[in-house]
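Each chain, letter by letter, is given below.
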Amino acid sequence: MSGRSLSCSPEGIQKAKRALIRCSLTQKALAEDLEVTRQPIGKFFTGKPVDRNLFVQICDRLDLEWEEIVAEPASEPEINQDNSIDVDIDAIVQGVREKIKPIIQERYGTMRVLDMTQPIGLNDIYTSVNILDKITGQRRLGIDELLQQCKSQDFDLFGLNRITEKRLPGLEAVEKYSKLMILGKPGAGKTTFLKYLAIQCLGGEFQAERVPIFITLKNFAEAANKPGLLQYITEETINPISSIREVLTYAIPSPKKEYEEIGLP
């Protein structure tokens, strides 16, 4: 929240709603009295930041002391004697995780199944998957190895129809490698597996120290104005939740430099 805006605390919202009733007003009537649109009034009563001057005007109209209902800003970071700044990245990550959780859960926490009118929770239908550590189609065998594996029933395939590579549980594969490309036939469960990873991460069951960002490549490729990846993440995930910006702004005084360090534009 910038220095030019204020927001109500949860207790302040309740006080403001009671004051609205006491003054025999509706949000629409309040907006007309102050000669503003209903949008900032709605933000005021939902705890979102509004212009400081308007915040004070609303409180005056409702006979409230604005200092009693305003939300306390996050504490400023400590600046050391050498002008370096102590930034608690772990606290920032956990704060962003909490803010981003509802939107990830809403978008990817359920799946629609044919002939069913209501979506089903992903965790209710998910089946653990196993992944081949190496792509079988890229195996290379020498002549001696081919002849050793060759039998009459699979002479044409020289034994290549058998999958002998080790299978890994999907979660174990993700833990093992920092970067992965998951390949599979249509309907094999690639997208479902990635959605499951995001939900498990938010639930603290998998890499709870990270922030999951789920990008649908089709939507990214068809996005207007062809934004870069970081810009697309910002527009689709960060901007819809203004409170994430508040967490980052208060925790990180030098936005451009520090956002880049934690992977945000």
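Above this note sits the structure.
An account of the accompanying structure is given in this report.

About the cut-offs
- Residues numbered from 1 in each chain as written.
- Predicted model: local features only at pLDDT ≥ 70, side-chain atom pairs only at ≥ 80, totals over all residues.
- Heavy atoms only, no water.
- Helix = DSSP H or I, 4+ residues; strand = E, 2+ residues; numbered from the N terminus.
- Buried < 20%, exposed > 50% of the residue type's maximum accessible area, 1.4 Å probe, protein only.
- Axes fitted to C-alpha atoms, helices over the stretch in contact; angles between N-to-C directions.
- Parallel < 35°, antiparallel > 145°, perpendicular 65-115°, else oblique.
- Left-handed = near helix turned anticlockwise from the far one by under 90°.
- Contact = heavy atoms within 4.5 Å.
- Nonpolar A, V, L, I, M, F, W, Y, C, P; charged D, E, K, R; others polar.
- Salt bridge = Lys/Arg side-chain N within 4 Å of Asp/Glu carboxyl O.
- Core = buried A, V, L, I, M, F, W, Y, C linked by side-chain atoms within 4.5 Å.
- Lys, Arg positive; Asp, Glu negative; His and termini not counted.
- Patch = residues over 30% accessible without salt bridge, like charges linked within 9 Å, V, L, I, M, F, W, Y side chains within 5 Å.
- Areas by Shrake-Rupley, 256 points an atom, 1.4 Å probe, with all protein chains shown as cover.
- Phe/Tyr/Trp six-rings, centres within 6.5 Å; stacked < 30°, edge-to-face > 60°.

A short note on unusual backbone geometry
Next up, step 1: Backbone geometry places glutamate 35, a non-glycine residue, at a positive phi of 60°.
Next up, step 2: Checked against the element boundaries, glutamate 35 lands in the loop between helix H2 (27-34) and helix H3 (38-44).
Next up, step 3: By relative accessible area, glutamate 35 is classed as exposed at 74%.
Next up, step 4: Non-glycine residue aspartate 63 carries a positive phi angle of around 60°.

Description of the packing of H2 against helix H4 (residues 52-61)
Next up, step 1: Contact geometry for H2 and H4: axes closest at 11 Å, N-to-C directions at 115°. Relative to H4, H2 is oriented roughly perpendicular. Crossing hand, H2 versus H4: right-handed. From H2, Leu30, Asp33 and Leu34 reach across to H4, where they touch Leu54, Gln57, Ile58 and Arg61.
Next up, step 2: For the contact of H2 with H4, the class distribution of residues is 4 nonpolar, 1 polar and 2 charged.

A closer look at the pattern of salt bridges
Next up, step 1: For the coordinates displayed, the defined rule picks out 3 salt bridges.
Next up, step 2: Of the charged contacts in the structure, one is a salt bridge between arginine 61 and aspartate 33, with a shortest N-O distance of 3.1 Å. Of this pair, arginine 61 sits in helix H4 while aspartate 33 sits in helix H2; the two residues are 28 residues apart in sequence, bridging distant segments of the chain.
Next up, step 3: Looking at arginine 61, the relative accessible area reads 30%, which means it is partly exposed.
Next up, step 4: Classification of aspartate 33 as partly exposed rests on a relative accessible area of 42%.
Next up, step 5: Here lysine 218 and glutamate 222 are joined by a salt bridge, their closest N and O atoms 3.2 Å apart.

Brief notes about the environment of alanine 16
Next up, step 1: Turning to its location among the elements, alanine 16 is positioned in helix H1 (residues 10-22).
Next up, step 2: We classify alanine 16 as buried; its relative accessible area is 0%.
Next up, step 3: Along the backbone, alanine 16 and isoleucine 69 are 53 residues apart, and their C-alpha atoms lie at a distance of 7.9 Å.
Next up, step 4: Those residues in contact with alanine 16, other than ones at most four positions away along the chain, are Phe44, Phe45, Leu62 and Leu64.

Details of the nonpolar core
In globular proteins that are soluble, nonpolar side chains generally tend to be buried together.
Next up, step 1: Leu30, Phe44, Phe45, Phe55, Ile58 and Leu62 are the most contacted members of the largest nonpolar core, which totals 22 residues.
Next up, step 2: Put simply, the parts of the chain that give this core at least two residues each are H1, H2, H3 and H4.
Next up, step 3: Not counting chain neighbours up to four residues away, the residues in contact with isoleucine 58 comprise Leu30, Leu34, Ile41 and Phe44.
Next up, step 4: Counting residues in each nonpolar core, the second largest holds 16 residues, with Ile103, Tyr196, Phe206 and Phe214 among its members.

Digging into the side chain of arginine 97
Next up, step 1: Relative to the helices and strands, arginine 97 is located in helix H6 (residues 89-108).
Next up, step 2: Within the buried core, arginine 97 has no salt-bridge partner, and the shortest N-O distance to an opposite charge, that of glutamate 98, equals 5.8 Å.
Next up, step 3: In this structure, arginine 97 is in contact with Cys201, Leu202, Gly204, Gln207, Ala208, Arg210, Val211 and Pro212, ignoring residues within four places of it in sequence.

Considerations on a nonpolar patch on the surface
Next up, step 1: Together, Val113, Leu114, Met116 and Ile125 line one region of the surface with nonpolar side chains, adding up to about 380 Å² of accessible area.
Next up, step 2: Mapped onto the elements, leucine 114 comes out in the loop between strand S3 (110-111) and strand S4 (120-121).

Notes on the packing of H6 against helix H10 (residues 190-202)
Next up, step 1: Relative to each other, H6 and H10 sit at 145°, their axes nearing to 10 Å. Of the two possible hands of crossing, H6 and H10 adopt the one that is left-handed. Of the residues in H10, those touching H6 at Arg97, Ile100, Lys101, Ile104, Gln105 and Tyr108 are Lys195, Ala198, Ile199, Cys201 and Leu202.
Next up, step 2: Here the residues of the contact of H6 with H10 are counted per class, giving 7 nonpolar, 1 polar and 3 charged.

What to know about the packing of aromatic side chains
Next up, step 1: Applying the stated criterion to the full structure yields 4 aromatic pairs.
Next up, step 2: Here tyrosine 108 and phenylalanine 214 contribute two aromatic rings whose centre-to-centre distance is 4.4 Å and whose plane-to-plane angle is 40°, an arrangement assigned as tilted. Pair noted here: tyrosine 108 is in helix H6 and phenylalanine 214 is in the loop between H10 and helix H11 (217-221), with a separation of 106 residues, a long-range link.
Next up, step 3: On the basis of relative accessible area, phenylalanine 214 is assigned to the buried category, the value being 11%.
Next up, step 4: Aromatic ring contacts, followed pair by pair, group Phe44, Phe45 and Phe55 into a single cluster.

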